[in-house]
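# Per-entry structural report
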Amino acid sequence: QVQVVESGGGLVQAGGSLRLSCAASGSTFSLNTMGWYRQAPGKQRELVAHITRDGNTNYADSVKGRFTIHRADAKNTMYLQMNSLKPEDTAVYYCHAVDNDGMDYWGKGTQVTVSS
């Protein structure tokens with residue numbers, strides 16, 4: 001079993017930056033791909049970025065060049081550095097992890113609000 005907890009959300013003006021963190025605990029040695037999803041009001045949850053254990057990354061087109069995902073396995077932590085934030089980035093951001101058996105783990109989410 002794995003637990004993941006997000007932190008770092010908040011209110012920021014357009015053009016600003018935030019860094020989200022996802023702390024994993026439990027059987028973290030079994031984690032494979034980790035990622036960030038977001039869900040805006042009235043919209044479906046969407047992938048923002050993910051990173052494999054080998055460090056391969058994938059980003060949504062809407063965040064490429066502005067967001068950077070990385071993981072520090074020694075600290076059981078994953079980060080999402082968000083720069084040049086836009087009002088349309090406003091959403092609840094969720095940490096997601098998949099273990100070697102294909103089990104999914106989700107955090108409860110952290111709110112990011114970008115004011116114009």
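Anyway, here's the lowdown on the structure attached to this text. (Residues numbered from 1 in each chain as written. Predicted model: local features only at pLDDT ≥ 70, side-chain atom pairs only at ≥ 80, totals over all residues. Heavy atoms only, no water.)

So, on to the nonpolar core. By size, the foremost hydrophobic cluster in this structure holds 30 residues, and its most contacted members are Trp36, Leu80, Met82 and Tyr93. Of all the secondary-structure elements, those providing two or more residues to this core are strand S1 (2-7), strand S3 (18-26), strand S4 (31-39), strand S5 (46-51), strand S7 (67-72), strand S8 (77-82), strand S9 (91-99) and strand S11 (110-115). Every residue in contact with methionine 82, bar those within four places of it in the chain, is listed here: Gly16, Ser17, Leu18, Leu20, Arg66, Phe67, Tyr93 and Val112. (Core = buried A, V, L, I, M, F, W, Y, C linked by side-chain atoms within 4.5 Å. Buried < 20%, exposed > 50% of the residue type's maximum accessible area, 1.4 Å probe, protein only. Helix = DSSP H or I, 4+ residues; strand = E, 2+ residues; numbered from the N terminus. Contact = heavy atoms within 4.5 Å.)

Read from one edge of the open sheet, four strands run S1-S3-S8-S7, paired in antiparallel fashion. The sheet is open, and its two edges are formed by S1 and S7, each paired on a single side. Averaged over neighbouring strand pairs, the angle between their axes works out to 15 degrees when direction is ignored. (Pairing = 2+ DSSP bridges. Axes fitted to C-alpha atoms, helices over the stretch in contact; angles between N-to-C directions.)

For the structure on display, the rule yields one disulfide. Two residues, cysteine 22 and cysteine 95, share a disulfide whose sulfurs are 2.0 Å apart. Judged by the torsion about the S-S bond (-65 degrees), the cysteine 22/cysteine 95 disulfide is left-handed. In this pair, cysteine 22 sits in strand S3 while cysteine 95 sits in strand S9, placing the two residues 73 residues apart along the sequence. The same class applies to cysteine 22 as to cysteine 95, namely buried. (Disulfide = S-S within 2.5 Å.)

Side chains that differ in sign of charge can pair as their charged atoms come close. Counted under the stated rule, the structure contains six salt bridges. Arginine 53 is the salt-bridge partner of aspartate 73, the closest N and O atoms lying 3.9 Å from each other. Taken as a pair, aspartate 73 in the loop between S7 and S8 and arginine 53 in the loop between S5 and strand S6 (57-59) lie far apart in primary sequence, 20 residues in all. For aspartate 73, a relative accessible area of 34% translates into the label partly exposed. Exposure remark for arginine 53: the relative accessible area of 36% places this residue in the partly exposed category. Connected through salt bridges with shared partners, the residues Arg38, Glu46, Arg66 and Asp89 form a single ionic network. (Salt bridge = Lys/Arg side-chain N within 4 Å of Asp/Glu carboxyl O.)

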